[in-house]
Amino acid sequence: MSQVTLYSNPTPNGVPVSIFLEELGVPYEAIRMSISDNDIGKVDKQVKSPWFLEINPNGRIPAITHNGFNVFETSAILLYLQAEFDKENKFGFSPTKDPKEYSQVLQWLFFAHGGVGPMQGQANHFNLYAPEKIPYAQNRYLNETKRLYSVLESRLSKHKYLVGEKYTIADIKTHGWIRRASVLGIDVSEWPGLKDWLDRIESRPAVKKGVTVPAAEPAQ
Ligand SMILES: N[C@@H](CCC(=O)N[C@@H](CS)C(=O)NCC(=O)O)C(=O)O
């Protein structure tokens, strides 16, 4: 019996992995990690703890261990889980049988991993958390996030999902960020295709469950 352990927190980077595990129906143990710097050296389940750096040298969630093998970085985890548990390619395409569609999944996955995630993450940082307000940086990352949403709109106004009719790991990865747009005051309805896509994804039972994982530990 294979065993997956998920180390996560229900953040834009964390939820794609829990959602995909729920979609796949793979049994897993979920460990909630602290991502707060205030917990470094005080809380054992903190992402910079030495034991966790053995699993993810980058000291961030999400990461998984599967039968003793560690995987970090959201998209690498999604691709690993797909290769291990989605043999019929329900959430993707075969690189050998459907190389063009597979390439499109990678294109949108990389677009989200290298574009939407980092830009929206920095927009969050400069607009919500930075101790000093730097308007240039606030606007730069917010505007770039919105520009990337327009790129998604150009696709989703013509297609049900990022790679046509099939809901794939590229959608799962991207959704983690789009669902949190409102914290930046972004109204996704500005992009109607993106909004319909978001609603379609949010209505999936696995998504409803996945966004709650790992649950907070009960107070002692
Ligand atoms: N590129 C990474 C980003 C992971 C990431 O930034 N995770 C954040 C939470 S959303 C984190 O663990 N932050 C804690 C820290 O930086 O100490 C991925 O896709 O997995």
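Residues numbered from 1 in each chain as written. Predicted model: local features only at pLDDT ≥ 70, side-chain atom pairs only at ≥ 80, totals over all residues. Heavy atoms only, no water.

- Where an unreviewed UniProt entry is consulted, the chain appears under the name Glutathione S-transferase, with the organism given as Marasmius oreades.
- As its UniProt record puts it under Sequence similarities (unreviewed entry), the chain is described as follows: "Belongs to the GST superfamily." (UniProt positions renumbered as here; feature names shortened; annotations may be inferred.)

Points about the nonpolar core
Now for step 1: Grouped together as the largest cluster of nonpolar side chains are 51 residues, with contacts concentrated most on Ile64, Leu81, Tyr149, Leu152, Ile178, Leu194 and Trp197.
Now for step 2: Sorting the residues of this core by element identifies strand S1 (4-8), helix H1 (15-24), helix H3 (74-85), helix H4 (99-129), helix H5 (135-156), helix H6 (169-178) and helix H7 (192-202) as the ones contributing at least two each.
Now for step 3: Of the residues forming this core, the biggest block, 7 residues, is contributed by H4.
Now for step 4: Split by domain, this core shows at least three residues from each of two domains, domain 1 (4-91) and domain 2 (99-204).
Now for step 5: Residues within four places of Leu152 in sequence aside, it is in contact with Trp108, Phe111, Val116, Leu162, Thr174, Ile178 and Leu194.
Now for step 6: Among the nonpolar cores identified, the runner-up in size contains 8 residues, and Tyr7, Val47, Ile55 and Ile61 belong to it. (Core = buried A, V, L, I, M, F, W, Y, C linked by side-chain atoms within 4.5 Å. Buried < 20%, exposed > 50% of the residue type's maximum accessible area, 1.4 Å probe, protein only. Helix = DSSP H or I, 4+ residues; strand = E, 2+ residues; numbered from the N terminus. Domains from an automatic or database assignment. Contact = heavy atoms within 4.5 Å.)

Points about the environment of Ser157
Now for step 1: Positionally, Ser157 belongs in the loop between H5 and H6.
Now for step 2: On the basis of relative accessible area, Ser157 is assigned to the partly exposed category, the value being 48%.
Now for step 3: Each C-alpha atom of the pair Ser157 and Pro57 lies 39 Å from the other, and the pair is 100 residues apart in sequence.

With respect to a nonpolar patch on the surface
Now for step 1: Nonpolar side chains collect at one region of the surface, where Leu128, Tyr129 and Val183 lie side by side and expose about 290 Å² of accessible area between them.
Now for step 2: Inspection of the secondary structure assignment puts Leu128 in helix H4.
Now for step 3: The partly exposed category is assigned to Leu128, whose relative accessible area is 37%. (Patch = residues over 30% accessible without salt bridge, like charges linked within 9 Å, V, L, I, M, F, W, Y side chains within 5 Å. Areas by Shrake-Rupley, 256 points an atom, 1.4 Å probe, with all protein chains shown as cover. Salt bridge = Lys/Arg side-chain N within 4 Å of Asp/Glu carboxyl O.)

Let's talk about the site of the ligand
Now for step 1: Taken together, the neighbourhood of the ligand is formed by Thr11, Asn13, Ile35, Val47, Lys48, Arg60, Ile61, Pro62, Glu73, Thr74 and His113.
Now for step 2: Take Arg60: an N or O atom from its side chain is 2.9 Å from an oxygen atom of the ligand.
Now for step 3: Within the contact set of the ligand, a nitrogen atom lies 2.7 Å away from a side-chain nitrogen or oxygen of Glu73.
Now for step 4: Per-class residue counts for the shell around the ligand are 4 nonpolar, 4 polar and 3 charged. (Near = heavy atom within 4 Å. Polar contact = N/O pair within 3.5 Å; in protein donor to acceptor, adjacent residues only side chain to side chain. Nonpolar A, V, L, I, M, F, W, Y, C, P; charged D, E, K, R; others polar.)

Structural notes on the pairing of strand S4 (residues 69-72)
Now for step 1: Alignment of strand S3 (residues 63-66) against S4, held across 4 bridges, turns out to be antiparallel. For Thr65, the partnering residue across the bridge sits in S4 and is Asn70.
Now for step 2: What sits between S3 and S4 in their antiparallel hairpin is a turn of 2 residues, with Asn67 showing a positive phi close to 45°. (Pairing = 2+ DSSP bridges.)

With respect to the domain arrangement of the chain
Now for step 1: We note that the domain assignment places domain 1 (4-91) and domain 2 (99-204) within the chain.
Now for step 2: Computed over C-alpha atoms, the centres of domain 1 and domain 2 are 21 Å apart.
Now for step 3: At the junction of the two partners, domain 1 supplies 16 residues and domain 2 supplies 16 residues.
Now for step 4: Both faces considered, domain 1 and domain 2 share a buried interface measuring about 1,400 Å² in area, 63% of it formed by carbon and sulfur atoms.
Now for step 5: Broken down residue by residue, the surface that domain 1 buries against domain 2 is led by Pro12, Ser75 and Phe91, which jointly contribute 34%.
Now for step 6: Counting across the domain 1 and domain 2 interface gives 1 salt bridge.
Now for step 7: As a salt-bridge pair, Glu23 and Arg204 come within 2.8 Å of each other at their nearest N and O atoms.
Now for step 8: Of all the secondary structure elements, the ones that give two or more residues to the side of domain 1 that touches domain 2 are H1 and H3. (Buried area = accessible area lost by both parts, 1.4 Å probe.)

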